[in-house]
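If you want the building blocks of each chain, they are given just below.
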Amino acid sequence: QVQLVESGGGLVQAGESLRLSCSASGRTFSDYVMGWFRQAPGKDREFVGAVSRGGSGTRYSDSVRGRFTISRDNSKITVYLQMNSLKPEDTAVYYCAATRQFGRIGVTEYDYWGQGTQVTVSS
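Residues numbered from 1 in each chain as written. Predicted model: local features only at pLDDT ≥ 70, side-chain atom pairs only at ≥ 80, totals over all residues. Heavy atoms only, no water.

Colleague: How would you explain the state of the cysteines if you had to name every residue and give the values?
Modeller: Under the defined criterion, the tally for this structure stands at one disulfide. One disulfide bridge connects Cys22 with Cys96, the sulfur atoms lying 1.9 Å from each other. Because the torsion about its S-S bond is 50°, the bridge between Cys22 and Cys96 counts as right-handed. Taken as a pair, Cys22 in strand β3 (residues 18–25) and Cys96 in strand β9 (residues 92–99) lie far apart in primary sequence, 74 residues in all. (Disulfide = S-S within 2.5 Å. Helix = DSSP H or I, 4+ residues; strand = E, 2+ residues; numbered from the N terminus.)

This is the structure:
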């Protein structure tokens, strides 16, 4: 069982940066691939990126590649989403999620979810 809690969301202006954190409870954090998803009003939840169990592998959606960076610190049982050059279209509720296999990008392929944190980017 994995319990996830996101934090770090807020209101920023376009072009600024923000770092989200996702803290996990439990003793098997390193067994899971960690992903980030986001959901804007009226839209489906979409994949943002993921980091492999050991942190050496990452993948990103085309919309955020080059601007966002996912990392993890297994000693702190925390995964991060560093968001740079934010755009108004990045506005959404951001969720962290856990799955067993790296390479999955679908919402239904992730087993555990946090409650989400709001990110709002003004123009």
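The discussion continues.
Colleague: Describe the packing of aromatic side chains, with residues and values.
Modeller: Scanning all chains against the criterion turns up six aromatic pairs. Considering the side-chain rings of Phe37 and Phe47, the 5.6 Å spacing of their centres and the 75° angle between planes classify their relative orientation as edge-to-face. One end of the pair, Phe37, is in strand β4 (residues 33–39); the other, Phe47, is in strand β5 (residues 46–51), with ten residues separating them in the sequence. The class for Phe47 is buried, based on a relative accessible area of 11%. (Phe/Tyr/Trp six-rings, centres within 6.5 Å; stacked < 30°, edge-to-face > 60°. Buried < 20%, exposed > 50% of the residue type's maximum accessible area, 1.4 Å probe, protein only.)

Colleague: Go over the sheet that holds strand β7 (residues 68–73), please, and point to the residues and values.
Modeller: With respect to topology, four strands assemble into an open sheet ordered β1-β3-β8-β7, the strand pairing being antiparallel. On the outer flanks of this sheet lie β1 (3–7) and β7, each paired with one strand and no other. Each strand axis lies, on average, 15° off the axis of its neighbour in the sheet, ignoring direction. Where β7 lies against strand β8 (residues 78–83), six bridges are found, and the strand directions are antiparallel. Note that in β8 the partner of Ser71 across the bridge is Tyr80. (Pairing = 2+ DSSP bridges. Axes fitted to C-alpha atoms, helices over the stretch in contact; angles between N-to-C directions.)

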